[in-house]
Amino acid sequence: MSLAPSERLGATGDAAADGPAARRVPKRRHSGTSPAGPARPSGRRRLLTRGSIPYVLIMPAVLGFAVFKAYPIAASFWLSLTTGNGDSQHFAGLDNYRRLLADPLFWTALRNTALILVVQVPLMLGLALLVALGLNHSKVWLRPLWRLGVFIPSLTGLVATGVMFSVILNRDAGLLNWVLSLFGIDPVDWLGSSFWARIGVVLVLTWHYTGYNAVMYLAGLQGIPKELYEAAMVDGAGPVRRFLSITLPQLRPILLLTVVLSTIGTLQLFDEPYVLTGGGPDNATLTVTMYLYDNGFKYFDFGYASALAYALALIVSVLGVLQVRLMGERR
Amino acid sequence: MSQHAHSLSRRRILQLATASAAGLGLTACGSGGSGGGAGGADGDSGPITVWSWTTAAEALRGVVPSFERDNPGIKVDVQDLGNPAIWDKITVGLASGGKGLADVLHIGVDYLPGYMEKFPQGLADLSRLGADRHKDAFADGLWPTVVGKDRAVHALPWEVNPLGLFYRHDYFEKAGVDPASITSWDDLIAAGPKIRAATGARLLGLDKPGSSQDVDFFQNLLQLQGAFYFDAEGRITLASKPAVEALTVIKRLNDAGLVSDIAGEGTWKRLVGQGKLATAPDPAWAVEYLATKFPAQSGRWRVMQPPAAVPGGGRSAIVNSTYLAVSATSKRRKAAWRFIEYALTKPAEINRMFASGGVFPALKKAYDDPKFSAPHPFYGGQQVLRSFVTSLGPGAAATNFTGDYSRALKFAADAQTQVLLKGADPAAVLKAAADQLAQQTGRKQAA
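Residues numbered from 1 in each chain as written. Chains lettered and ligands numbered in written order. Predicted model: local features only at pLDDT ≥ 70, side-chain atom pairs only at ≥ 80, totals over all residues. Heavy atoms only, no water.

1. Looking at the overall build of chain B
In step 1: Counting its regular elements, chain B contains 16 helices and nine strands.
In step 2: For chain B, the proportion of its 447 residues judged to be buried stands at 57%.
In step 3: Within chain B, counting contacts between residues at least 6 apart in sequence, those at least 24 apart form 77% of the total.
In step 4: Approximately 16,800 Å² of chain B is accessible, and the part contributed by carbon and sulfur atoms is 53%. (Helix = DSSP H or I, 4+ residues; strand = E, 2+ residues; numbered from the N terminus. Buried < 20%, exposed > 50% of the residue type's maximum accessible area, 1.4 Å probe, protein only. Contact = heavy atoms within 4.5 Å. Areas by Shrake-Rupley, 256 points an atom, 1.4 Å probe, with all protein chains shown as cover.)

Structure below.
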């Protein structure tokens, strides 16, 4: 059954194989060493050949990338090696990176980010999977409406989300504490204590992104061939067995995608804690990107901010590779 | 799925990962180069734009008709960018060499020294246009802030916010506390429990978790002692004796149960509205703010000069101040300067702005206006503004904000939070804060 995709990929492989061959043809022509070749007027180079068309087609994207991505990325790297005032930067080598290693706030921010990552991402993805399984169930009534409802939070603006939750989580007048009070629970200082502020951020992130991931899982679930389940049922497999042996393995590529994307997203976390807690109390929810922003736009220390950006990029890359290694290779 | 499909998606994911991570570099970086004065010109006519925020922008608009009448050929467009959005716009503009900035910029004291230090070529040299002749026209302590390292003037003071102590007169009476007997925070800490017992109100509100990084009160307690985060040479004084005294006052207030937590949107307003705060150490802008927001409490409030941070200490402090500057890349620097001079050095204009926007003027001549000795009904007929003018007398020392003020503010806010939430020792947390500030800025600490 899983032969079909690989067959298609085989076809792509063939197409790729005759790519270079096609390119070899004009090369030989231009060299002009083939006595058997038909004489062509020299100097008339055809710009659009079978081999060059793909490059012409991707040119706009490449140019756009070069101007708006590659250049800033390179400029930022250069900036991370400099220090000084806004208009008199001078080269400082690795000073910014050395400063970073000795900066307790950087480590605090990194620790906070890691903590949120470890707690929030599994929680959210687990929840998203449950929601997706529910939404995929044929017995659920008004399915499109539920799906829409689950997805809507991820359309809410990040800052709007933050503002909304700062009202909900307010200790004295917040909705959540009011609800808790109905059950006789004492008001929780959601944004005022280090522990609860972190929980608050986790809560907001989970609310915002669970639906997004659930929709991805749903798409994955719907791509699983029904025949697999039918065959399993014929063999007498129960629901748990079917979930573990069919659903999860089939979902693996999408699981991997969501894990990696969520990891990147969490490591770049900014808006929600920025609006909700401003990084407080006492830096309990300070994230690396918030610290980066502060250094750039509050302290005008662009060199140091760039060094932070590169440190973060490195961490994200390493984590990404690790996750793909761990989750992707296993067969 | 086949092995091949896996390696494809893996590669794509990796590309995604690195691209979006490195994309951070893009948002983080500001171009280092600046053209300085290049591109600017001393044009004397034409349209000029002004960036300001909310009530101040509205007040400035009030000056435009008479200015345009007196200066034919200059058209003024005042834009309200909102606060804090205006800081990002000015910062990005300065960082990209002054591109896209308005001709006239309204800048707060918390940003001005930073801009002047980090972008020495960013704000026009107003001395060249004659700004120095107004040197003695403004409240004491403001002029050093506008003079750059190049000894040139880069802005004119507009607004100054002298500190006062607003207090509930009725509460003090009920508790049998004579306001005249309060000369230091020691006295208030002693009176606080009496007031609380009689009225249920705590003394004041502080943002305990510090999410807004509002440490004005701590800062004021420093300023009352003639101190700040930095000394005149720019050395760090965040762990100095006055700083420890200031944070100790806050700790004592908190330990005595006299502080309400005002973290969160609108909490302070709600507490004041419910009569749960007996005092509000706030600057002059609060005069009209309290009167407008809490009309039901009319007649119950009074103002006194701020109590000294330590017994026998100074009783005046400037909470903050704002300025108008001209962008160095402005094509019409002379026209922009003429607008600034017109708006900020004419008592009639500056008082008109005060009347419409509540921006307390820095111009000393403005205080001759009868409004500064008028009785205010909300304050039981007290001449409230007079008390703030008195605060601006000698003693309101210049405060050295320096280019690293925002970083210092962060460490001060963290230190205060540690004291308020975890009962930390003021001297210890301030020492740690000063050390971190030194590590981050390369500044020396004062002995």
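Let us keep going from here.
2. Considerations on the pairing of strand β2 (residues 74-80) of chain B
Residues and elements named next belong to chain B.
In step 1: Alignment of strand β1 (residues 46-52) against β2, held across seven bridges, turns out to be parallel. Looking at the pairing, Pro-47 lines up with Lys-75 of β2.
In step 2: This β-α-β element, β1 to helix α2 (residues 54-70) to β2, shows right-handed connectivity. (Pairing = 2+ DSSP bridges. Right-handed = clockwise from strand over helix to strand, strands pointing away.)

3. Quick look at the packing of helix α15 (residues 405-422) of chain B against helix α16 (residues 426-441) of chain B
All names here are of chain B.
In step 1: Between α15 and α16, whose axes approach to 9 Å, the crossing angle comes to 155 degrees. For the element pair α15 / α16, the angle class is roughly antiparallel. The handedness of the crossing between α15 and α16 is right-handed. Residues Arg-407, Ala-408, Phe-411, Ala-415, Gln-418 and Val-419 of α15 form the contact with α16, whose own contacting residues are Pro-426, Val-429, Leu-430, Ala-433, Gln-436, Leu-437, Gln-440 and Thr-441.
In step 2: Considering only residue class, the contact of α15 with α16 consists of nine nonpolar, four polar and one charged. (Axes fitted to C-alpha atoms, helices over the stretch in contact; angles between N-to-C directions. Parallel < 35°, antiparallel > 145°, perpendicular 65-115°, else oblique. Left-handed = near helix turned anticlockwise from the far one by under 90°. Nonpolar A, V, L, I, M, F, W, Y, C, P; charged D, E, K, R; others polar.)

4. Considering the confidence of the model for chain B
Residue and element names in this part refer to chain B.
In step 1: Overall, the predicted model of chain B reaches an average pLDDT of 87, with 90% of residues at or above 70.
In step 2: Note on residues 1-37: pLDDT is under 50 here. Beyond four places in sequence and across chains, it has 71 contacts.
In step 3: Interface confidence for the predicted complex, given as ipTM, is 0.74, next to a pTM of 0.77. (pLDDT = per-residue confidence, 0-100.)

5. Details of empty space enclosed by the protein
In step 1: Considering all chains together, one arrives at four cavities of 30 Å³ or more under this definition.
In step 2: A:Gly280, B:Gly210, B:Gln213, B:Lys410 and B:Asp414 are the residues nearest the centre of the second largest cavity, which is lined by 13 residues in total.
In step 3: Across the lining of the second largest cavity, the residue classes break down as three nonpolar, seven polar and three charged. (1 Å grid on protein atoms, 1.4 Å probe; cavity = no way out; pocket = protein on both sides within 12 Å on 5 of 7 lines; lining within 4 Å. Points joined across faces, edges and corners; volume = space filled by probe spheres on them.)

6. Some points on the nonpolar core
In step 1: In this structure, B:Phe218, B:Tyr229, B:Leu238 and B:Phe360 are the most contacted members of the largest nonpolar core, which totals 180 residues.
In step 2: Among the elements that take part in this core, helix α13 (residues 302-328) of chain A stands out by supplying ten residues, more than any other.
In step 3: Apart from residues lying up to four places away in sequence, B:Leu238 is in contact with B:Phe218, B:Tyr229, B:Ala243, B:Ala408, B:Phe411, B:Ala412, B:Leu430, B:Ala433, B:Ala434 and B:Leu437.
In step 4: Counting residues in each nonpolar core, the second largest holds 17 residues, with A:Leu129, A:Ala214, A:Leu255 and A:Val259 among its members. (Core = buried A, V, L, I, M, F, W, Y, C linked by side-chain atoms within 4.5 Å.)

7. Structural notes on the side chain of B:Thr417
In step 1: Relative to the helices and strands, B:Thr417 is located in helix α15.
In step 2: For B:Thr417, a relative accessible area of 3% puts it in the buried group.
In step 3: At 3.4 Å, the side chain of B:Thr417 forms a polar contact with the backbone oxygen of B:Pro209.
In step 4: Apart from the residues within four sequence positions on either side, B:Thr417 is in contact with A:Pro281, A:Asp282, B:Lys208, B:Pro209, B:Gly210 and B:Lys422. (Polar contact = N/O pair within 3.5 Å; in protein donor to acceptor, adjacent residues only side chain to side chain.)

8. Some points on α16(B)
Residues and elements named next belong to chain B.
In step 1: For α16, built from 16 residues, the straight-helix expectation of 22 Å at 1.5 Å per residue is met to within 8% by its first-to-last C-alpha distance of 22 Å.
In step 2: Buried within α16 are the following residues: Pro-426, Val-429, Leu-430, Ala-433, Ala-434, Leu-437, Ala-438 and Gln-440.
In step 3: Positive phi appears at Gly-442, one or two residues downstream of α16, with a value of about 75 degrees. (Expected span 1.5 Å × (residues − 1).)

9. Quick look at helix α13 (residues 347-357) of chain B
Working note: α-helix, 3.6 residues per turn, so residues spaced by three or four point in the same direction.
In step 1: Taken together, the buried positions of α13(B) are B:Glu349, B:Ile350, B:Asn351, B:Met353, B:Phe354 and B:Gly357.
In step 2: The inward-facing, buried residues of α13(B) abut α2, β4 (156-168), α12 (333-345) and α14 (384-391) of chain B.

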